[in-house]
Amino acid sequence: MSLQSVLESGKFAVTAEVGPLKGIDTTEITEAAELLRGRVDAANVTDQQSSVMRLGSMAICHLLQERGLEPVFQVTCRDRNRLALQSDLLSAYVLGIKNVLAITGDLPVLGDHPQAKPVYDLDSVQLLWVISRLNEGYDMVGNELQGKPSFFPGAVVNPGADTEASFELQLIKMEKKINAGARFFQTQAVYDVDSFVKFMKRVEGFEVPVLAGVIPLKSVGMARFMNKNVAGVFVPEELIKRMSEAEDKAQTGIQIAADLMKELKGICQGVHIMAIGWEKKVPQILDAAGL
Amino acid sequence: MIGQTQKPIEEILGFLDGKEKIVLVGCGGCATIFHTGGEVEVKEMADTLSKHGKNILAAIAPPFGEFTCYAPWSKARLEQYRKEIEDCDAILMLSCGDGLQVVRELVLEDEYGLTKPIYPGTDPIGHMGGGPSLFREKCQQCGECLLGQYAGICPMTQCAKGLLNGPCGGSKNGKCEQEPEHDCAWILIYERLKKLGDLDKIKEFVAPKDYSKMKRPRQIEVAPL
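Remember, it's a predicted structure, so these values are computed and weren't measured experimentally.

A. Main features of the overall build of chain A. In terms of regular secondary structure, chain A is built from 11 helices and 8 strands. Taken over C-alpha atoms, the radius of gyration comes to 18 Å for chain A, in line with the 19 Å a tight globule of 291 residues would show. C-alpha atoms of chain A, sized along the principal axes, occupy 60 × 45 × 45 Å. Taken over 291 residues, chain A has a buried fraction of 49%. Of the contacts made within chain A by residues no fewer than 6 positions apart, 78% connect residues no fewer than 24 positions apart.

As structure tokens, then:
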């Protein structure tokens, strides 16, 4: 069953993220694909995540597709102008890639090529609008396409924005993304279920499925790092304490992720697991969560 | 104004290597305000280069208010030093790149028919306003001003990603993830539109920007003053 069918049928969806490495070694990713196939509804492939130059998302999406794991092609606006974005989308489509996650993309200065010229010719809302145009059979300036794609576009939202203005702006932008064509959302990592419930109450009326982001904790340091540095991520002290008291940190991190997923099951329409190097542990997390 | 900093002296000396007779040209506009090419800096540069064995034929410092990038003024000013300019081995410009290129093309080449080495003494860092000490970039001359939609705050310039439809997810405590000292433009826009009772503006879809209005080099013809 495709991700689109799962979400449209109202089933609880599970997606996981895989990140291409720097270079041409695809062993890790194809091994992860074997483990994830049949366990998740789709796998997102990141687009030079954190602005670190890596193997491209489209090629890995294609490899996953060949191995029977449905990909979600993550496309950022950071590196490509409107010609390249549209062309890459069409290229992906002819390789069988239908799911697209439209994102703005991290700034190059935060990555390993800080000297790069940032593009941002389009923003994520405009990119979603462009995908909708392609789905209608036209490019963004109205020229007719030979053959019409049928993308299933998604977008991201940060449910943990830390100030009132920032939170309201996330909701405003989410609604703009829906109006521009977003059919599902994947969120930044959620650890604080109470505030996520408040977010979900606010977006209920949008009637677009939301897959809550889940990042398994690997250490106390990781939790503190995210609290300090990652916008919109808040790991409650109670979880940090659980990690610090644990003898087997990995097992506890897995259990915390599984517990979160069990809770989230009653709150939103799916989960999106960003394992960040722990892709092979995803089946274990799913087992522990009963998914 | 064009914000600018002075180039490292080593770089300037590198340009002037093997060149003995030098003419310095400053600017009474931005370069005076940014302390890169006003009367004081032109004199300082003349002294420094003299210490490095250069023969300064002329150290031209237009008075405050006289922009070197405005050709009628620079033509009139440099005419007083035409002989020194013709005799020199190189010209060092203590102005922005506009000043340098106006002098190179409209004065040296078009007026005097001279092909002389001309070098920059500053690194221009953008069009900015403010002062007297802090200057910030506020406008990038996109050719189609959007300030009317955004409560007078330009997201193309104030947002590190130049986003037109709302913030990325990267603001923390109202600050930008790229520059933690820098306010998130979108929070400023939101707060100001809210105070103006115009928040609905932020909900409108903004179509992709027409960047053909920024295709370079741009030019314009106006009636002379």
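From this point on, the discussion continues.
B. Main features of the sheet that holds strand 3 (residues 71–76) of chain A. All names here are of chain A. Pairing within the closed barrel is parallel, and its 8 strands lie in the order 1-2-3-4-5-6-7-8. Mean inter-strand twist for the sheet, computed between neighbouring axes without regard to direction, equals 25 degrees. Bridge count between strand 3 and strand 4 (residues 99–103): 5 bridges; the pairing is parallel. Within the sheet, the bridge partner assigned to Val72 lies in strand 4 and is Asn99.

C. Molecular detail of the domain arrangement of chain B. The domains assigned to chain B are domain 1 (2–127) and domain 2 (138–205). The distance between the C-alpha centroids of domain 1 of chain B and domain 2 of chain B comes to 38 Å.

D. Region of the structure containing the nonpolar core. Membership of the largest hydrophobic core comes to 101 residues, with the highest contact counts inside it found for Ala43 and Val214 of chain A. Contact partners of Val214 of chain A, with chain neighbours within four places excluded, come to Ala189, Val190, Ala257, Leu260, Met261, Val271, His272 and Ile273 of chain A. Counting residues in each nonpolar core, the second largest holds 33 residues, with Ile12, Leu16, Cys27 and Val42 of chain B among its members.

E. Just the packing of helix 4 (residues 82–94) of chain A against helix 5 (residues 124–135) of chain A, in detail. All names here are of chain A. Here helix 4 crosses helix 5 at 50 degrees, and the two axes come no closer than 11 Å. What the angle tells us is that helix 4 and helix 5 run oblique. Pair helix 4 / helix 5 crosses with right-handed handedness. Along its contact with helix 4, which presents Leu85, Gln86 and Leu89, the element helix 5 presents Leu127, Val130, Ile131 and Leu134. Partitioned by chemical class, the residues of the contact of helix 4 with helix 5 number 6 nonpolar, 1 polar and no charged.

F. Local environment of the sheet that holds strand 6 (residues 122–130) of chain B. Residues and elements named next belong to chain B. Taking strand neighbours across the sheet as the criterion, the 3 strands line up as 1-6-7 in an open arrangement whose pairing is antiparallel. Of all strands in the sheet, those bounded by a partner on one side alone are strand 1 (2–6) and strand 7 (135–137). Looking at each pair of strands side by side, their axes are set apart by 60 degrees on average, direction ignored. Summarising the sheet, strand 6 and strand 7 pair through 3 bridges and their orientation is antiparallel. By the bridge assignment, Gly129 is partnered in strand 7 with Arg136.

G. Local environment of the environment of Ala33 of chain A. Residue and element names in this part refer to chain A. Relative to the assigned elements, Ala33 resides in helix 2 (residues 27–36). Look at Ala33 and you get buried, because 22 C-beta atoms sit within 10 Å. Along the primary structure Ala33 and Lys280 are separated by 247 residues, whereas in three dimensions their C-alpha atoms are 8.9 Å apart. If sequence neighbours within four positions are ignored, Ala33 has contacts with Leu64, Arg67 and Leu69.

H. Fine view of the pairing of strand 5 (residues 152–157) of chain A. Residue and element names in this part refer to chain A. Extensive coverage of strand 5 is indicated by the burial of 6 of its 6 residues. Sheet topology note: the strand 4/strand 5 ladder contains 4 bridges and is parallel. In the strand pairing of strand 5, Asn99 is matched with Phe152. Chirality of the crossover, the property in question, places the unit of strand 4, helix 5 and strand 5 among those that are right-handed. Relative to strand 6 (residues 184–189), strand 5 runs parallel, the two sharing 4 bridges. Of the residues in strand 6, the one forming a bridge with Ala155 is Phe185. Crossover handedness for the path strand 5 to helix 6 (residues 164–180) to strand 6: right-handed.

I. Structural view of helix 10 (residues 249–264) of chain A. Taking 1.5 Å of rise per residue, 16 residues should cover 22 Å, and helix 10 of chain A covers 22 Å from first to last C-alpha, within 8% of that figure. Listed as buried for helix 10 of chain A are Gly253, Ile254, Ile256, Ala257, Ala258, Leu260, Met261 and Leu264 of chain A.

J. Seen up close, the pairing of strand 4 of chain A. Judged by how many residues are buried, strand 4 of chain A sits mostly within the fold: 5 of 5 residues are covered. Regarding topology, helix 4 of chain A serves as the crossover connection from strand 3 of chain A to the parallel strand 4 of chain A, and that connection is right-handed.

K. Structural detail: helix 11 (residues 282–289) of chain A. Residue and element names in this part refer to chain A. Considered for burial, the residues of helix 11 that qualify are Val282, Ile285, Leu286 and Ala289. Seen from one end, helix 11 has its buried residues packed into an arc of 100 degrees, which puts them on one side. Looking at the packing, one finds that the buried side of helix 11 touches strand 1 (13–18), helix 2, helix 10 and strand 8 (270–273). Backbone geometry just after helix 11 places Gly290 at a positive phi near 70 degrees.

L. Geometry of the environment of Cys61 of chain A. Residue and element names in this part refer to chain A. Relative to the elements of secondary structure, Cys61 occurs in helix 3 (residues 57–66). Cys61 gets classed as buried once you count the C-beta atoms within 10 Å, which come to 28. The spacing of Cys61 and Val72 is 11 residues in sequence and 7.1 Å in space, taken between C-alpha atoms.

What counts, and where the lines are drawn
- Residues numbered from 1 in each chain as written.
- Chains lettered and ligands numbered in written order.
- Predicted model: local features only at pLDDT ≥ 70, side-chain atom pairs only at ≥ 80, totals over all residues.
- Helix = DSSP H or I, 4+ residues; strand = E, 2+ residues; numbered from the N terminus.
- Rg over C-alpha atoms; globule rule 2.2 N^0.38 Å.
- Buried ≥ 20, exposed ≤ 12 C-beta atoms within 10 Å, placed from the backbone.
- Contact = placed C-beta atoms within 7 Å.
- Pairing = 2+ DSSP bridges.
- Axes fitted to C-alpha atoms, helices over the stretch in contact; angles between N-to-C directions.
- Domains from an automatic or database assignment.
- Core = buried A, V, L, I, M, F, W, Y, C linked by C-beta atoms within 7 Å.
- Parallel < 35°, antiparallel > 145°, perpendicular 65-115°, else oblique.
- Left-handed = near helix turned anticlockwise from the far one by under 90°.
- Nonpolar A, V, L, I, M, F, W, Y, C, P; charged D, E, K, R; others polar.
- Right-handed = clockwise from strand over helix to strand, strands pointing away.
- Expected span 1.5 Å × (residues − 1).
- Arc of directions from axis to C-beta.

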